[in-house]
Amino acid sequence: MWKKKSKSNEDYYLASQWTLMGRKLKKHKLAKLSMLVLLILYLCAFFADFLAPYSLDEFDALYKNSPPTEIHFTHEGKFVGPFVYKLEKTIDKTDFSVKITEDTSEYYKIRFFTHGTPYKILGLIPCDLHLFGVDQGSNGGSGAKVMLFGTDSLGRDIFSRILLGSRISLTIPFASAVISFFLGVTIGSISGYFGGAVDIVIQRIIEVIGAVPQIPLWMALSAAIPPGISTVKMYFYITIILSFINWTGMARVVRGKFLSLKNEDYVMAARLSGVSTWKIIWKHLVPGFMSYLIVSVTLGIPGSIVGETSMSYLGLGIKSPATSWGVLLQEASSVTDVASNPHKLIPIIFVTITVLAFNFLGDGIRDAADPYK
Amino acid sequence: MEESAYKSESMHENAPKKPPLEALVDFFKKDLVQYIVKRLLMFIPTLLLISILVFFVIQLPPGDYVSAHIAALASEGEIVDADYAASLRADYGLDLPVHEQYIKWIKDIIWTPTDSTYYRLYGSHHNWKYSFAYGRDVWDVVNDRLGLTILVTAIIMIFQYAVSLPIAVYASTHQYSVGDYISSIIGFLGAAIPNFILAIVLMYLSYKWTGNANVGLFSQEMLQNGVHLYNFGEFLKRMIIPIIVIGTSGTCGIIRSVRAQMLDEVARQYTLTARAKGVPERTIIMKYCFRAAINPTVSGLGGVLSSLFSGSTVTAMVLNMQIQGPVLFKALQAQDMYLAGAIVMVQAVLVVIGILFSDIALAFLDPRIRYSGGGR
Amino acid sequence: MNKENILEVKDLHVDIHMTEGLLTAVRGVNFEMKRGETLGLVGESGCGKSLTCKAILGINDRKCVPSGQILFDSEGLGKVDLLSLDQKGKEIRSIRGKEISMIFQEPMVAFSPMYTIGNQINEATKLHITKDKQKSKEISMDVMRKVGIANVEKRYNQYPHEFSGGMLQRALIAMALVCNPKMLIADEPTTALDVTIQAQILELMKELQKDFNMAILFITHDLGVVAKMCDRVAVMYLGKIVESAAASEIYANPQHPYTRGLIGSVHKIGSKKEDRLFSIEGTVPLAMNLPKACGFYDRCDVRIEGLCDKAEPELTEIAPGHKIACFNCPHEACRAQREKVEEALAKGALTQSPSEDPGPAKAVPKKKKGGAQ
């Protein structure tokens, strides 16, 4: 009678470590939500060209510093669906001040799947389809724009720039996490496996890099970026600079795990039953801390995002014409400017959400990876 | 360990009880001093490695420092004396191989002889080289804001611990309560929102609500008359945003780690022993759990210091604070690497000193380390 | 409450609230202790021994909720139900450490590493006996001497990590005895120690028991220790007492199949080489959602199909002071119980709480309260 364990129980006892982790992660609502948010953000970054109505440096002098475009639905009491008005410049005759107002004589409908600025899918296939855009006016005029998040001081659409900038902001931390992962695992396992003098030297180096304040060191390292290089090279440099510091955390985890697991009873048992060292490392040691590595990678990403954003904000990282969220935030550096154009703070929301999501996801994975929880 | 304890026991068996002062002296002779000396000795290779890292950073920009400087001068239309250029190259040791350049750089910092040009010019034995961006001696520039940087960092650090420790104890003793959740949520937000972004937002809000962005550590009046007791309040008011911005992320980190540590300690067997003795809950929490949980916090002091310097760098630029961050920025923009390197080095050394202090404090706090001579 | 009894435990249940559900780890335990006697509580790991004794002191984990009655004849408060007191209040604290104290299984972790041994022993003295620093220190040192710690002046100011395991256990005993308690709970006090040290500690406890005239509740899974220490023995299995008798009686005349198994699994000097050590087959079932059956049914070699898996036997007195909970016992009282239950089963009277009952196991024993006692 006791042996009649329910099916789910049986599954539970037989499930692999990863299945268990996945299951626990599913229970972690915040982590699940974060994963969804990140998925959406990365999809948006991938389809940015299509989702963004304008290109990175398309500008309209009339739209300088304009707040988010108002989207109307009724024109002269008549429902016509979502549309915008064109802006017009009027000069006040009395004090000659320039005013920019909506020209309500003509409406411009927002169309979906319109043809607009051409771009290349994956940099290869030319295309000009966009998710949405402004049609010709009801009287055949043109020149109206839809700026969902308003514009910057040059009249560029912030919405499009956030989407296109996310390609850099979201992938640099990822690329640097991958690089630091390999660096960290390699150096950490060398340190933990060989021990002795090698270990001492590596530990000292890790300690020193850890002691130097991160952002100042990143900033100082950015001096290595030669001026006037291509976007791709700039991207590459920043990734390397971010990884320069991040690998140390990973190496420390790997080394610590190597040292502590090396003397565990089950490793001793494997050794006594004649399992080769190589097999012990890969069959018994590495799976034991793989989950910690994943946690470490995930929790390292937010730091890189902040690093890249900070450096780009200061003009030491990604520089125009290439755009990342940090570059967009340069627009928000003057208080008076921000006070009159609060929409310039919108990129902050994206940075914060991404950082939060990675933090929550990392925490969720950490909880799920902990066999004692 | 046990055996030796027994040996010494039998040795001291009939020894008269020592007065406490003498015992203290004895104790210092034996364990702690050895431990501290060991730590201090470990400080030297660390310093050496830091200097190598900094020198590496200084060497990073393409091209050499003096040519870049002279090119910049020339582009401004100044005619550069060839002798001057040659003397500069000699001073920086640019014609030497890299490792000799490094040795010369370090040597000059540690001790510049009295008969050198540098000593005649600046009257200092420590030549950190010349900052082109500021047109002054590098150490002068660094030293200018060093005191204030340390002061601001110290104030923020004190704030962090004063706020986070009580909250952490509360959160851990009221696990899963509303207060616990609120503190975790704020903790998460604080840790997630990048410092300088929080600075921008707070500055914006402050400007909107009070019409004053409260940027800069000093008012115009303070810059003229200096900070005195009567306008210290104004200084503190101007510290509010920096404290919140730079302090929050660290505060949240401390809360999270102390809370977790406290929860670990509460589950320990010795809390059960204490409870079985009839010790009141509050005493158990404070005497046993908190006392044990504080150790990892103390050992994390160096990390906190490091993240404070890191966080304050960009924030200082946003808030226009008169600390080292903006100087570093200006130096990097001008590729004034010796200045930038000096700042990074000074901050790293401060952090390492912080780690040293925390290690020594830990030895006082944790009897296990004290007696094992730090063989952790 | 019987006058010579110092402690009476009546129908004690301990529920553990886990994320997976409710686990009733102690399911209706009854026993009493006389002044100065030693009661051995024997059973496998996880049978609820430790929970039972922690419930007496009210120091269970927050997740564990005890219910029932624990009557204690206290000096300060008179006869009092310990479970009815506020578990964090002053009254119970005046009993803990002063009238009932406890020795724990692992002396190495029972002391805080942060304070000296003297400080931790003295804490109880200061709480319960005198606030006078000098006096309390003297009292504490006296007790330390009594438990056989040499060079007390020095040892008093040493930290736990400077003590060996055996010395620590002595210190732990000193800490428990410093207030001269009437009752001592010893939770496997020698399990973590070397065999030679074990003997010393047991000898010490016996001596001290005489000196202090204490009742000792001795929890162990080691039958050898029980034979050496205890006047009476209660055997626990799966949260219930299955047999209780005088120690000599249990060894001479074990009645419950589980007790027989336990005694059979002890190695005897002089036994033949080919005699294999007896072992009880199977493992203890998980005390969650227990069906209505004898807890030992699966592992029992004398089980009665159709009876033992349908109903749970009650503790029945078969000889003065000898109680057993088993249907398959030739004794009259047991047979009477068996017949009664069989009759009821035939009538279907007991099906009111069928074994498919998904509710917590707690409901099962409660319904049969007062059966054979």
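My aim in this report is to walk through the structure given alongside it, one point at a time. (Residues numbered from 1 in each chain as written. Chains lettered and ligands numbered in written order. Predicted model: local features only at pLDDT ≥ 70, side-chain atom pairs only at ≥ 80, totals over all residues. Heavy atoms only, no water.)

1. Focus: the packing of aromatic side chains
Each aromatic ring pair is specified by the distance between its two centres and by the angle formed by the two planes.
Okay, step 1: Across all of its chains, the model carries 23 aromatic pairs over all chains by this definition.
Okay, step 2: Relative to Y288 of chain B, the ring of Y270 of chain B lies with its centre 6.2 Å away and its plane at 40°, an arrangement referred to as tilted. In this pair, Y270 of chain B sits in helix α12 (residues 269-276) while Y288 of chain B sits in helix α13 (residues 281-299), placing the two residues 18 residues apart along the sequence. With respect to burial, Y270 of chain B and Y288 of chain B carry one shared label: buried.
Okay, step 3: Between Y237 of chain C and F296 of chain C, the aromatic rings sit 5.1 Å apart at their centres with planes inclined by 85°, giving edge-to-face as the arrangement. (Phe/Tyr/Trp six-rings, centres within 6.5 Å; stacked < 30°, edge-to-face > 60°. Helix = DSSP H or I, 4+ residues; strand = E, 2+ residues; numbered from the N terminus. Buried < 20%, exposed > 50% of the residue type's maximum accessible area, 1.4 Å probe, protein only.)

2. Examining the packing of helix α7 (residues 214-221) of chain A against helix α14 (residues 301-318) of chain B
Okay, step 1: The interhelical angle for the contact between α7 of chain A and α14 of chain B, taken along N-to-C directions, is 65°, at an axis separation of 5 Å. Of α14 of chain B, the residues touching α7 of chain A (which contributes Q214, I215, P216 and M219 of chain A) are F309, S310, T313, V314 and M317 of chain B.
Okay, step 2: A class-by-class count of the residues in the contact of α7 of chain A with α14 of chain B yields 6 nonpolar, 3 polar and no charged. (Axes fitted to C-alpha atoms, helices over the stretch in contact; angles between N-to-C directions. Contact = heavy atoms within 4.5 Å. Nonpolar A, V, L, I, M, F, W, Y, C, P; charged D, E, K, R; others polar.)

3. Some words on the sheet that holds strand β4 (residues 125-137) of chain A
Two strands in a sheet stick together by hydrogen bonds in their backbones, pointing the same way (parallel) or opposite ways (antiparallel).
Residues and elements named next belong to chain A.
Okay, step 1: Strand order across the open sheet formed by 4 strands is β1-β2-β3-β4, with antiparallel pairing between neighbours. Lying at the two open borders of the sheet, with one neighbouring strand each, are β1 (72-75) and β4. Strand-to-strand twist of the sheet, defined as the mean angle between neighbouring strand axes without regard to direction, takes the value 60°.
Okay, step 2: Bridge count between strand β3 (residues 98-121) and β4: 9 bridges; the pairing is antiparallel. Within the sheet, the bridge partner assigned to T114 lies in β4 and is H130. (Pairing = 2+ DSSP bridges.)

4. Some thoughts on empty space enclosed by the protein
Okay, step 1: Under the counting rule described, the total for this entry stands at 7 cavities of 30 Å³ or more.
Okay, step 2: Space inside the largest cavity adds up to approximately 60 Å³. (1 Å grid on protein atoms, 1.4 Å probe; cavity = no way out; pocket = protein on both sides within 12 Å on 5 of 7 lines; lining within 4 Å. Points joined across faces, edges and corners; volume = space filled by probe spheres on them.)

5. Overview of the sheet that holds strand β6 (residues 100-103) of chain C
All names here are of chain C.
Okay, step 1: Across the sheet, 8 strands lie side by side as β6-β7-β8-β3-β9-β10-β12-β11; this open sheet has mixed pairing. Of all strands in the sheet, those bounded by a partner on one side alone are β6 and β11 (316-319). Ignoring which end each strand starts from, the neighbouring axes of this sheet average 20° apart.
Okay, step 2: Of the pairings in the sheet, the one linking strand β10 (residues 240-246) to strand β12 (residues 322-324) comprises 2 bridges and is antiparallel in character. Each residue of the ladder has a partner; that of S244, found in β12, is K323.
Okay, step 3: Running over the sheet, helix α7 (residues 165-177) touches β6 and β7 (183-187) and is turned about 170° from β6.

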